[in-house]
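So the chains spell out like this:
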Amino acid sequence: MDGHSQYTPKSGFARWLERRLPIVSFMYDSFVAYPTPKNLNYMWTFGAILSFMLVAQIVTGIVLAMHYTGETTLAFNSVESIMRDVNWGWALRYAHANGASMFFLAVYIHMARGMYYGSYKEPREVLWILGVVIFMVMIATGFLGYVLPWGQMSFWAATVITNLFSAFPVVGGPIREWLIGGYSVDNPTLNRFFALHYLLPFIIVAVVALHVWALHVTGQNNPTGVEVKDVKKETVPFTPFATMKDGFAIGVFLVIYAWMTFFVPNYLGHPDNYIEANPLVTPPHIVPEWYFLPFYAILRAIPNKLLGVIAMFLSILIMAALPWLDKSPVKSGSYRPLFRKFYWVFIAVSIALGYLGAQPAEGVYLWLARIASLYYFLHFVVILPLLTKYEKPEPVPESIDASVAAGSVTHA
Amino acid sequence: MSTKNVTETTPAEPNRRDILYIATGAAATVAAGGMVWPLISQMNPDASALALASTEVDLAPIPLGQIVTVKWRGKPVFIRHRTADEIKAAQDTPLTELPDPEADSKRAQKPEWLVVIGVCTHLGCIPTGKSGEFDGWFCPCHGSTYDVSGRIRSGPAPTNLEVPKYAFLSDKKIKIG
């Protein structure tokens with residue numbers, strides 16, 4: 001898309017650099033002149049919030065790594081010394097641990113936004129798939145990081161998750177031994193998890209760069225789902241409009257993040273993780289961090305080890321297929337009366353799965369988890385294709401400008 | 001020479017130069033694979049983990065009805081001194097009721113001593129003893145129950161608790177591994 005203004009190098013040095021490495025004009029086109037649809041709502045600020053959280057996690061993580069020791073006899077105590085001895089160590093560690101929660105909160109809202117407004121549809125399929133890839137690397141990073149404090153929950157999370165791979169016949173056992181470097185989770189496991197936990201965020205940075213590149217090729221979706229037709233009239237330049245709005249949203253988000261970090265830093269944690277890892281005792285009730293609970297509920301719902309593991313992996317991978325499961329030509333849920341209802345049922349079912357994942361796997365909870373897991377997959381493979389075929393969408397505005405003139409979206 | 005077309009000078013059959021190109025590429029591919037292998041293999045269990053340690057356990061201090069846990073190769077091993085009632089319950093269970101059918105006599109060398117690796121065959125948690133419906137073991141992670149022979153009875157675990165290789169050195173002493 002053509003931007004609103006063009007960068008013209010003014011100084012002699014700027015002209016010299018521009019002919020050799022046009023990085024200033026690239027940044028100008030991407031983050032100043034870049035046209036953003038003028039009807040974006042606050043759901044569109046989570047991309048910026050996520051970028052902020054990625055940087056926050058990397059910065060707090062790097063400084064924590066300066067005080068942490070990735071060795072089984074020292075790891076737990078090094079975390080305690082971060083909490084008690086290191087200058088500001090308590091704040092940095094609480095910011096990092098709660099930062100993971102805030103990161104996942106933001107990514108779930110970002111994904112839900114994309115699902116409601118059909119942001120995965122043509123021509124944004126690759127953009128969407130890159131997002132699913134980022135989400136998967138985030139899951140791996142979050143899991144690896146949770147093992148590092150070497151508490152009871154760390155140890156048993158590592159044991160359970162690496163055992164997922166042993167479900168696969170023949171190759172499963174050797175793969176698990178390769179992953180953990182032994183026959184049970186031990187020092188080789190912790191050491192390599194630390195190395196990988198440090199590596200993966202930079203992989204995320206690289207995939208985010210591709211994600212933003214793909215976004216800047218297709219342009220942003222918007223609440224009407226109608227593509228921009230007149231760049232001059234229907235878009236505003238990224239700076240100052242999106243920059244300032246994103247900045248404000250980050251500020252509001254930071255209030256919640258700071259409240260979590262400073263007032264209830266352990267609310268989302270588990271007391272068992274303040275007990276040093278003991279390979280001979282499993283805590284009576286082990287649950288993952290809240291952001292993994294829906295997938296954990298799906299894993300436990302299926303009374304067969306291999307099928308449970310496959311279902312859990314599929315529940316994430318299936319999101320990459322969304323552009324081909326929902327082929328309705330109307331992007332935005334605002335003009336899809338039936339889709340809208342099923343969308344909110346899907347969100348409710350996902351949250352219910354999260355609740356059920358935290359409950360003991362028995363009795364009524366187990367059956368509810370089974371029903372919810374089944375519905376989760378039905379939404380993707382049955383409901384969305386059927387809606388594509390039989391739903392009668394409401395009339396879509398001719399253009400972004402027409403919808404703004406008509407006083408925004410009318411259905412609500 | 002100058003009037004000839006380039007395509008005419010290139011024969012359809014591969015010539016010596018093509019063979020050299022292909023051979024060089026193939027050698028480079030093999031060399032790259034060979035260089036990658038150590039990078040992958042370094043993550044496998046190292047020599048110290050592979051050194052199979054064995055553990056000797058004195059059974060004399062274990063009273064009737066008690067379960068003790070010993071560590072072997074980094075994993076817990078349960079040794080259960082079973083009561084007459086427990087032995088009877090384990091031996092009388094029809095194999096048709098078991099998801100992973102295995103006779104108790106095949107699992108315990110001497111009926112009063114059951115030796116099993118204390119790792120749930122589902123996802124590796126440590127089951128708690130003398131709990132669950134069959135008074136054997138119950139896994140707190142995902143709700144698998146095992147009977148007094150360590151056999152899976154309900155829940156997501158696919159197989160019975162593994163019986164390690166062990167031998168009676170004397171009446172009251174075993175060597176695991």
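How each quantity is defined
- Here, residues in each chain are numbered from 1, in the same order as that chain's written sequence.
- For this description, chains carry letters from A and ligands carry numbers from 1, given in the order in which they are written.
- Predicted model: local features are reported for residues with pLDDT of at least 70 only, side-chain atom pairs are reported and counted for 80 or more only, and whole-chain, interface and lining totals are derived from all residues.
- Based on all heavy atoms of the structure, the side-chain values leave hydrogens and waters out of the count.
- Numbering of helices and strands runs from the N terminus, with a helix taken as a DSSP run of H or I at least four residues long and a strand as a DSSP run of E at least two residues long.
- What the globule rule says is 2.2 Å times the number of residues to the power 0.38, and the radius of gyration is computed from C-alpha atoms.
- We call a residue buried when its accessible area falls under 20% of the maximum for its residue type, exposed when it is over 50%, and partly exposed in between, using a 1.4 Å probe and counting protein chains only.
- Two residues qualify as a contact provided that any one of their heavy atoms is within 4.5 Å of a heavy atom in the partner residue.
- Surface accessibility in these figures is a Shrake-Rupley result with a 1.4 Å probe; residues are shielded only by whichever protein chains are displayed.
- The pairing criterion is simple: DSSP has to find at least two bridges between the two strands.
- Helix axes are fitted to C-alpha atoms over the stretch in contact, other axes to C-alpha atoms as well, and angles between N-to-C directions run from 0 to 180 degrees.
- For Phe, Tyr and Trp, rings pair up if their centres lie within 6.5 Å, where Trp contributes its six-membered ring, and each pair is then called stacked (planes under 30 degrees apart), edge-to-face (over 60) or tilted (otherwise).
- Over a ring means this: the NZ of a Lys or the CZ of an Arg is within 6 Å of the ring centre and within 35 degrees of the ring normal.
- What a helix is expected to span follows from its residue count: subtract one and scale by 1.5 Å.
- Across the chain, bend at a residue is computed as the angle between axes fitted to the seven residues ending at that point and the seven starting from it.
- Residue ranges labeled as domains rest on an automatic or database domain assignment.
- We define a salt bridge as a contact between a side-chain nitrogen of Lys or Arg and a carboxyl oxygen of Asp or Glu at a distance within 4 Å.
- The term polar contact refers here to a pair of N or O atoms within 3.5 Å; inside protein, the definition further demands a hydrogen-donor-capable atom paired with an acceptor-capable atom, and it admits residues adjacent in sequence only when both atoms are side-chain atoms.

Description of the overall build of chain B
Counting secondary structure elements, chain B contains five helices and 10 strands. By the compact-globule yardstick of 16 Å for 177 residues, chain B is too spread out, its C-alpha radius of gyration being 29 Å. The principal-axis extent of the C-alpha atoms belonging to chain B is close to 105 × 35 × 25 Å. Across the 177 residues that make up chain B, the buried fraction comes to 34%. Sequence-distant contacts, at least 24 apart, represent 52% of the contacts inside chain B between residues at least 6 apart. Taken as a whole, chain B presents about 10000 Å² of accessible surface, with 59% of it coming from carbon and sulfur.

Observations regarding the sheet that holds strand β2 (residues 67-72) of chain B
Residues and elements named next belong to chain B. With antiparallel pairing, three strands are arranged side by side in an open sheet as β2-β3-β4. Each having just a single partner strand, β2 and β4 (113-117) make up the two edges of the open sheet. In this sheet, neighbouring strand axes are inclined to one another by 20° on average, regardless of whether the strands run parallel or antiparallel. For β2 and strand β3 (residues 75-81), the ladder comprises six bridges, and the chain directions are antiparallel. From the neighbouring strand, Lys 71 faces β3, where its bridge partner is Pro 76.

Focus on the packing of aromatic side chains
One pass over the full model with this rule turns up 36 aromatic pairs over all chains. Aromatic side chains A:Tyr116 and A:Tyr117 sit 4.8 Å apart centroid to centroid with 80° between the ring planes, which places their arrangement in the edge-to-face category. A:Tyr116 gets classed as buried once you look at its relative accessible area, which sits at 10%. The class for A:Tyr117 is buried, based on a relative accessible area of 11%. Centroid distance A:Tyr376 to A:Phe380: 5.4 Å. Interplanar angle 55°. Geometry classified as tilted. With a gap of four residues between them, A:Tyr376 and A:Phe380 both fall in helix α16 (residues 363-390), about one helical turn apart. An identical accessibility class is assigned to A:Tyr376 and A:Phe380; each is buried. An aromatic cluster is built from A:Phe104, A:Tyr108, A:Phe135, A:Trp290, A:Tyr291, A:Phe292 and A:Phe295, whose rings are joined through pairwise contacts. Positioned above the aromatic ring of A:Tyr42, the side-chain terminus of A:Lys245 is 4.8 Å from the ring centre. Above the face of the A:Tyr183 ring, B:Arg73 is positioned so that its terminal group lies 4.2 Å from the ring centre.

Focus on helix α5 (residues 89-116) of chain A
All names here are of chain A. Between its first and last C-alpha atoms α5 spans 40 Å; for 28 residues at 1.5 Å apiece the expected length is 40 Å, and the two agree. For α5, the principal kink sits at Gly 99 and spans about 25°. Counting buried residues in α5 gives 22 out of 28 residues, a clear majority hidden from the surface. Following α5 by one or two positions, Gly 118 adopts a phi angle in the positive range, close to 65°.

So, the side chain of A:Ser154
With respect to the helices and strands, A:Ser154 occurs in helix α7 (residues 152-164). Leaving out residues up to four positions away in the same chain, A:Ser154 has contacts with A:Tyr146, A:Val147, A:Pro149 and A:Asn273.

Examining the domain arrangement of chain A
Residues and elements named next belong to chain A. When the domains of chain A are assigned, the result is domain 1 (1-33) and domain 2 (34-406). In this structure, domain 1 and domain 2 have C-alpha centres spaced 35 Å apart. Opposite the 10 residues of domain 1 that make contact, domain 2 presents 12 residues. Run the count over domain 1 and domain 2 and you get zero salt bridges. The interface formed by domain 1 and domain 2 includes five residue pairs in polar contact (both at pLDDT 80 or more).

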